[in-house]
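# Secondary and tertiary structure notes
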Amino acid sequence: MSMASETGALLVALARSAATLSAGVLVASGRRLAATVAGYLVVGVLLAVSLAFLTLSAYRAIVASVGDVYAPLIVGCFYLVAGLISALVVLVRRR
């Protein structure tokens with residue numbers, strides 16, 4: 001009987017160790033995921049701000065060269081084409 005109780009205690013200790021180890025792994029991977037997401041958010045915000053400034057300066061340059069009517073058409077068509085190309089890339093990657 002003592003052998004069975006030792007085996008049972010060993011299994012309980014093994015289960016506790018596995019649970020503790022898996023909890024530690026989950027916490028570490030959660031922290032890494034949060035840090036990665038935060039980093040990508042910072043990069044995304046900086047890219048969005050730089051794109052806004054580049055768009056504004058390009059828009060003003062186009063207004064100065066072709067006028068108030070064609071400048072929004074040119075910039076709008078550029079973003080429409082860029083959106084369609086990115087949608088195409090996403091669709092191709094999914095297949």
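This report concerns the structure included in the present document. Computed from a predicted model, the values in this text were never measured in an experiment.

Of regular secondary structure, the protein possesses two helices and zero strands. Radius of gyration (C-alpha) of the protein: 28 Å, far over the 12 Å computed for a compact globule of 95 residues. With the principal axes as the frame, the protein shows a C-alpha extent of 95 × 30 × 10 Å. For the protein, the exposed area adds up to about 8,200 Å²; of that, 76% sits on carbon and sulfur atoms.

A few words on the packing of aromatic side chains. In the structure shown here, the tally under the stated rule is one aromatic pair. Plain terms: the ring middles of F78 and Y79 are 5.5 Å apart, the flat faces sit at 75° to each other, and that makes the pair edge-to-face. We classify Y79 as partly exposed; its relative accessible area is 34%.

Moving on, we come to a nonpolar patch on the surface. Together, V66, V69, Y70, L73 and I74 line one region of the surface with nonpolar side chains, adding up to about 490 Å² of accessible area. Looking at which element gives the most residues to the nonpolar patch, the answer is helix 2 (residues 70-94), with three residues. With respect to the helices and strands, I74 occurs in helix 2.

Conventions used here
- Residues numbered from 1 in each chain as written.
- Predicted model: local features only at pLDDT ≥ 70, side-chain atom pairs only at ≥ 80, totals over all residues.
- Heavy atoms only, no water.
- Helix = DSSP H or I, 4+ residues; strand = E, 2+ residues; numbered from the N terminus.
- Rg over C-alpha atoms; globule rule 2.2 N^0.38 Å.
- Areas by Shrake-Rupley, 256 points an atom, 1.4 Å probe, with all protein chains shown as cover.
- Phe/Tyr/Trp six-rings, centres within 6.5 Å; stacked < 30°, edge-to-face > 60°.
- Buried < 20%, exposed > 50% of the residue type's maximum accessible area, 1.4 Å probe, protein only.
- Patch = residues over 30% accessible without salt bridge, like charges linked within 9 Å, V, L, I, M, F, W, Y side chains within 5 Å.
- Salt bridge = Lys/Arg side-chain N within 4 Å of Asp/Glu carboxyl O.

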